[in-house]
Structures are given as C-alpha cells and as structure tokens.
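Notes for the structure review
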Amino acid sequence: SYRARSAFKLLEVDERFKIFAPGQVVVDLGASPGSWCQVAVKKVNAITPAECIADRNEPTLVHVLDERVRLAAEALPKRGVKVLANLTPVMEKPLIHPTHGLVIGVDLLDILPYPGAVFLPHSDFTKGKTKRKILEQLAGRPVDVVLSDMAPNASGISQLDHEAIVGLCTEALRFGVTVLREGGTFLCKIWTGSGDQALRALLRTHFAVVRNVKPPASRDESSELYLLGTGFKGLPQQPVE
Ligand code: SAM
C-alpha cells in the first residue's frame, strides 16, 4: 500500500506518458511521506547502495562510485548478508547492474526508510548543502527524471502560495537542468496563477515538449496542476574560442 494518495497521480502520469523505465535515475524533491518514491523504486527497479554489491558477480555490471560500495560493505553485514572476501578490488571499481535504477528522495521532513530508495530527510532543497548531498549520491550518474511535488506551507493567500510554489519549481528546474541527461524528463506541481506562463516558457527553453497534466486523482485540488517537460534539450554548448 502507498504512504499517500499522491502515488496515484504519479501512476496516472506514468500510465499516460511512460516517464519511467527500469535502470533509470530519479530525483524526487519534496518526497515525504514517500509515496512517489515507492512508485519510482518499482518502476525503475531501484536498489540502495547496500544492495549493489550483492550483484557484483554478474557479467553485465557497470561501474559506479567507490563511496557507494564502501557504504554497501558497511551495511551488508548488518543486514545479515555475507560480504565476499575479495571486496577490496571491487571497491576500486564499484559496480551496479544496468537494470537497477537509483531513486533519491529529498524533503524538509522526516521520511521513513523504504527498501530501494535513498532518502535525504531534514533537507531543505533550496539550500546549497542539500544540492551537494544529492550530487554526492548521484556520483556523476546522469538523471533521467526529476520530480518535484514540493509544496510550501499554504498561507491561504492564493497569490503568495502560488508565488512560493512557482519559486520551488523554478529552483527545481534550475537544478534539474544541471543533472538531467539529454532526453530527460521533468515533472513539477504548481498551484495555478499569474506565474504559470513564465514557468512554462522557461520549461520550453529546456524541453522539446511541455504539457499541462491534470491527473484524475488530482481533480479535487482545483488549483493543482502538473507541468511535464520531456525531451530535455541539454545545456547549450559553450562557444569555442
Ligand atoms: N510526493 C510526496 C508523496 O507522494 O509522498 C508528497 C509530497 S507533499 C505534497 C510536499 C512535500 O514538499 C512536503 O513533505 C514538504 O515538506 C516538502 N517541501 C516543501 N518545501 C520543501 C523544500 N524547500 N525542500 C524540501 N522539501 C520541501
């Protein structure tokens, strides 16, 4: 069962637009209590660092970072899994299966652990420190999908709330374009208002297709809308001197 009803909104978006595939890397901003991560973990077949090493003898493994394997080595005995004796060479060339995705969930609030997801709780996404923590977890892996279901505490003054959520989306987008792979996907929640057009225009500069999506599960929240950008164009090349 899902931790929140929001799961169904994401499932509906994926049903229509097929945003997830096994092996993908997903960053979920505003992840607590964790239902979007539950969906993403299943869709991309994500594993936590502790699980990477269990696959180390498979022929189709690819490399990720040393830190993850070090963490895995530390975590496995606690989970009752035997760490293989020749771990040291593997630690120099850490390994992960290409069909295994990575899901990183970030929130200001606490998030209960969920197998397969890496959580950064008590983390304000607008802070540089949080962005650095995300980059550490990514360790250079390009991101396939950036999700933002972040919502500020509603003041009840719709213009202020609108501006606050558009601010969060804009920040998510600015970060997203630095980590997404070409062709990648960005999905964010807004409460509609006067800033929608500017945000959509910004999305259009980065994505081949930008859609307004109103999942049926979101029908009750009248001003809520998701913006979906697909086909990330990549960052413009710096001109060569
Ligand atoms: N998608 C989540 C799920 O399915 O479980 C629900 C997300 S909830 C609607 C919005 C979340 O955004 C809240 O948990 C809130 O703490 C978080 N949030 C708001 N501002 C944030 C920020 N600056 N940094 C990180 N999280 C933030």
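The preceding data block contains the structure.
Each residue is numbered by its place in its chain's sequence as written, counting from 1. For a predicted model such as this one, the threshold for reporting local features is a pLDDT of at least 70, and the threshold for listing and counting side-chain atom pairs is 80 or more; totals across whole chains, interfaces and linings nevertheless cover every residue.

1. Quick look at the site of the ligand
Our working definition: Each residue receives a C-beta atom placed from its backbone. It is near a molecule or strand if this atom lies within 6 Å of it. Each helix is a run of H or I in the DSSP string that is no shorter than four residues. Each strand is a run of E no shorter than two, and both are numbered from the N terminus. Gly is put with the polar residues, along with every residue not named as nonpolar or charged; the nonpolar set is Ala, Val, Leu, Ile, Met, Phe, Trp, Tyr, Cys and Pro, and the charged set is Asp, Glu, Lys and Arg.
Ser6, Gly30, Ser35, Phe125 and Asp149 are the nearest of the 23 residues found near the ligand. At the level of elements, helix H1 (6–17) and helix H2 (35–44) are the ones that each hand at least two residues to the shell around the ligand. Tallied by class, residues from the shell around the ligand come to 13 nonpolar, six polar and four charged.

2. What about the packing of H1 against H2?
Here is the rule: Lines fitted to the C-alpha atoms define the axes, with helices restricted to the stretch that makes contact. Angles between their N-to-C directions range from 0 to 180 degrees. The labels follow the angle: roughly parallel below 35 degrees, roughly antiparallel above 145, roughly perpendicular from 65 to 115, and oblique for the rest. Take the far helix as the reference: if the near one is turned anticlockwise from it by less than a right angle, the crossing is left-handed, and if turned clockwise, right-handed. Our contact criterion uses C-beta atoms placed from the backbone: two residues qualify when those atoms are within 7 Å.
Between H1 and H2, the least distance of the axes is 7 Å, while the angle of their chain directions is 40 degrees. Taken as axis vectors, H1 and H2 run oblique relative to one another. In terms of crossing hand, the pair formed by H1 and H2 is right-handed. Mapping the contact onto sequence places Ser6, Ala7, Leu10, Leu11 and Asp14 in H1 and Ser35, Trp36, Gln38, Val39 and Lys43 in H2. Residues that form the contact of H1 with H2 fall into these classes: five nonpolar, three polar and two charged.

3. Some remarks on the environment of Ile111
Stated precisely, the cut-off is as follows: Buried residues are those with 20 or more other C-beta atoms within 10 Å of their own C-beta, exposed residues have 12 or fewer, and partly exposed residues lie in between; C-beta atoms are placed from the backbone.
Among the structural elements, Ile111 can be located in the loop between strand S4 (102–106) and strand S5 (117–120). Classification of Ile111 by C-beta neighbours within 10 Å gives buried; the count is 21. Put simply, Ile111 and Pro33 are 78 residues apart on the chain and 5.5 Å apart in space, counted from C-alpha to C-alpha. For Ile111, the contacting residues outside a window of four places in its chain are Ala31, Ser32, Pro33, Gly34, Gly105, Phe119 and Pro121.

4. Digging into the nonpolar core
For clarity, the threshold we go by: Any nonpolar core is a set of buried residues, restricted to Ala, Val, Leu, Ile, Met, Phe, Trp, Tyr and Cys, that join up through C-beta atoms within 7 Å.
Core analysis: the largest hydrophobic core is formed by 52 residues, its most contacted members being Ala40, Val103, Cys169 and Ala172. Here this core takes eight residues from helix H7 (residues 158–179), the largest share from any one element.

5. Some thoughts on the sheet that holds S5
Selection criterion: A pair of strands counts as paired when DSSP detects no fewer than two bridges linking them.
Read across the sheet, seven strands follow the order S5-S4-S1-S6-S7-S9-S8 without closing on themselves; strand pairing throughout is mixed. Looking at which strands have only one partner, the edges of the open sheet turn out to be S5 and strand S8 (207–213). On average, adjacent strands in this sheet sit at an angle of 15 degrees to one another, irrespective of strand direction. Sheet topology places S4 next to S5; four bridges connect them, and they run parallel. Opposite Val103, over in S5, you have Ala117 as the bridge partner.

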